[in-house]
Amino acid sequence: MLTAPLQSAIDLTGGGILALVVTFLLATLFYAITLHLAAVFFVGDVPTQRAAVAAPVPAVASLLLQQWGPAIVIPVTLLGDFVAIRFSYKLPVKSSVALTLLHFAFSVALVIPLNNIFGFV
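Residues numbered from 1 in each chain as written. Predicted model: local features only at pLDDT ≥ 70, side-chain atom pairs only at ≥ 80, totals over all residues. Heavy atoms only, no water.

Secondary structure summary: the protein chain contains 5 helices and 0 strands in total. Walking the protein chain from its N terminus toward its C terminus, one meets helices and strands in the order α-α-α-α-α. Of all 121 residues assigned to the protein chain, the portion counted as buried reaches 27%. For the protein chain, the proportion of contacts with a sequence separation of at least 24, taken over those separated by at least 6, is 59%. For the protein chain, the exposed surface amounts to about 8,400 Å²; the carbon and sulfur share of it is 74%. (Helix = DSSP H or I, 4+ residues; strand = E, 2+ residues; numbered from the N terminus. Buried < 20%, exposed > 50% of the residue type's maximum accessible area, 1.4 Å probe, protein only. Contact = heavy atoms within 4.5 Å. Areas by Shrake-Rupley, 256 points an atom, 1.4 Å probe, with all protein chains shown as cover.)

A word on the packing of aromatic side chains. Following the criterion strictly, the structure yields 2 aromatic pairs and no others. Measuring from ring centre to ring centre gives 5.8 Å for Phe30 and Tyr31, while their planes differ by 65 degrees; the resulting arrangement is edge-to-face. A relative accessible area of 15% means that Tyr31 is categorised as buried. Centroid distance Phe41 to Phe106: 6.1 Å. Interplanar angle 50 degrees. Geometry classified as tilted. (Phe/Tyr/Trp six-rings, centres within 6.5 Å; stacked < 30°, edge-to-face > 60°.)

For the pair helix H1 (residues 17-42) and helix H3 (residues 56-64), interaxial distance at closest approach is 8 Å and the crossing angle is 130 degrees. On the basis of their axis angle, the class for H1 and H3 is oblique. The handedness of the crossing between H1 and H3 is right-handed. Contact with H1, carried on its side by Thr23, Phe24, Ala27, Thr28 and Tyr31, involves Pro56, Pro58, Ala59, Val60, Ser62 and Leu63 of H3 and no other residues of that element. Considered class by class, the residues forming the contact of H1 with H3 number 8 nonpolar, 3 polar and no charged. (Axes fitted to C-alpha atoms, helices over the stretch in contact; angles between N-to-C directions. Parallel < 35°, antiparallel > 145°, perpendicular 65-115°, else oblique. Left-handed = near helix turned anticlockwise from the far one by under 90°. Nonpolar A, V, L, I, M, F, W, Y, C, P; charged D, E, K, R; others polar.)

A few words now on the packing of H1 against helix H4 (residues 70-89). A packed helix pair is summarised by two numbers, namely the angle formed by the two axes and the spacing between the axes. Where H1 meets H4, the axes come as close as 13 Å, and the angle between the chain directions of the two elements is 60 degrees. One way to sum up the angle between H1 and H4 is to call them oblique. In the crossing of H1 with H4, the sense of the turn from one axis to the other is right-handed. On the side of H1, the interface is formed by Tyr31, Leu35, His36 and Ala39, while H4 contributes Thr77, Ile85 and Tyr89.

Here you go:
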């Protein structure tokens, strides 16, 4: 008697370049949204393009360093985010630090419920 397997052996993601590109684009979109929300809260009315310019930096850092764990990923991503925010928004150092930390808080505040809903991790 033939039985059907419970799980399919076909891997739809493949883990190839397409998966990396889509993951990078989704991470960049997530960081752009959270950065824009933090910037509007902290700075006021700002164009969304500045968040779109700065967002790829933490996305690349978090994707490239994920194998080393949060002790390495978080500080390096925050440093890259700070540099990107500093040059994208043209803020003084203290304001850039504050916006970076606020962006981190917004990201954590959104990723926890999203993870609970969709089960990313």
